[in-house]
Amino acid sequence: MSKLGIVEDTLFVPMLGRLYASEHCRQILFDEKALELKEKLPSGLLNAERQSQYTLLASAVRSYNMDRTVQAFLEHSPDGVIVQLGCGLETAYYRRDNGHTHWYAVDLPHVMEYRRKLLPEPERETYLAGDAFAEDWIRQVRTDVPNAPILVTAGGLFHYFEEAKVVGLLQTLQQYGEITLVFDTVNKSGMAMMRKKYMKQLGHADAQMFFYVDSATDLTKKSAVKSRFLRRNHTITTSPGMV
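These numbers come from a predicted model, not from an experiment.

Would you explain the packing of helix 1 (residues 12–24) against helix 3 (residues 53–76) in this entry?
Axis angle and axis distance: for two packed helices, these are the angle between their axes and the distance between the axes, and together they describe the pair. Two elements in contact, helix 1 and helix 3, have axes whose closest approach is 7 Å; the angle formed by their N-to-C orientations is 95 degrees. Relative to helix 3, helix 1 is oriented roughly perpendicular. On helix 3, the residues that touch Val13, Pro14, Leu16, Gly17, Arg18, Tyr20 and Ala21 of helix 1 are Gln53, Leu56, Leu57, Ser59, Ala60, Arg62 and Ser63. For the contact of helix 1 with helix 3, the residue count by class is 8 nonpolar, 4 polar and 2 charged.

Have a look at this one:
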């Protein structure tokens, strides 16, 4: 496996959160596939004491919230498509697949190489190696499914990028039909706390963080998209081309 960068190395954070919840708090989240992968993770990772119960459960709750969004989308659009940006070692396909929808997982080439070793590409999940903010992946998805509604998830991704990158992605997606984008975020105060304390607790103090949302209205004005604010400072769903 190629060496992971500072940001890419954070892919283990949500995995450890899902493992902790699966072993200690199943009422929040149970991830059988994560438990299967436990012994394949880097040695020493599971014994690290730098994470607290709070940081572990915070990651698990984010996964739970994303799962609820995926489930609601598939109930409303059973023939819809799921695209996971910055997928890392995400295992939502194994938790929330409805038995016939198609999934896509997008991440940088060296991350995808590592993912393939631990999680070989399943029957209905296509792995796309590339930049989440480039247009290649959405062109590919739209070529495969020209008319299907698409749910794009970006859990734990946008924090590490400048606002202009996120706005550019929102503007790009508007050109590709019925797409819903859901992502987690914090406000400016929350970002200050994450920079000062949270990332240090996770052992990733070197991972720079930039993007936050104080106003969903301001963000959608910059992006010129229609949006639904689902949960204050946590999740925004943006639906280009939808009412």
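When you look at the environment of Leu41 in this model, what are you seeing that I'm missing?
Mapped onto the elements, Leu41 comes out in the loop between helix 2 (32–37) and helix 3. Separated by 26 residues in sequence, Leu41 and Met15 have C-alpha atoms that sit 9.6 Å apart.

When you look at the pattern of salt bridges in this model, what are you seeing that I'm missing?
A side chain with one charge can pair with a side chain of the opposite charge if their charged atoms come near. Using the criterion set out here, one finds 15 salt bridges in the structure. Between Arg18 and Glu90 there is a salt bridge whose closest N-O contact spans 3.7 Å. Of the two residues, Arg18 sits in helix 1 while Glu90 sits in the loop between strand 1 (81–85) and helix 4 (92–96), which places them 72 residues apart along the sequence. In terms of burial, Arg18 and Glu90 fall into one category: buried. Measuring nitrogen to oxygen at the nearest pair gives 2.6 Å for the salt bridge that ties Lys38 to Glu23. In this pair, Lys38 sits in the loop between helix 2 and helix 3 while Glu23 sits in helix 1, placing the two residues 15 residues apart along the sequence. Beyond isolated ion pairs, a larger network of salt bridges with shared partners links Arg18, Asp31, Asp67, Glu90, Arg95 and Arg96.

I tried to follow the packing of helix 7 (residues 163–173) against helix 9 (residues 216–223) on my own but got confused; where do I start?
In the contact formed by helix 7 and helix 9, the axes pass within 9 Å of each other and the chain directions differ by 65 degrees. The handedness of the crossing between helix 7 and helix 9 is right-handed. Contact residues: helix 7 offers Glu163, Val167, Leu170 and Gln171, while helix 9 offers Leu219, Lys222 and Ser223.

Conventions we followed
- Residues numbered from 1 in each chain as written.
- Predicted model: local features only at pLDDT ≥ 70, side-chain atom pairs only at ≥ 80, totals over all residues.
- Heavy atoms only, no water.
- Axes fitted to C-alpha atoms, helices over the stretch in contact; angles between N-to-C directions.
- Helix = DSSP H or I, 4+ residues; strand = E, 2+ residues; numbered from the N terminus.
- Parallel < 35°, antiparallel > 145°, perpendicular 65-115°, else oblique.
- Contact = heavy atoms within 4.5 Å.
- Nonpolar A, V, L, I, M, F, W, Y, C, P; charged D, E, K, R; others polar.
- Salt bridge = Lys/Arg side-chain N within 4 Å of Asp/Glu carboxyl O.
- Buried < 20%, exposed > 50% of the residue type's maximum accessible area, 1.4 Å probe, protein only.
- Left-handed = near helix turned anticlockwise from the far one by under 90°.

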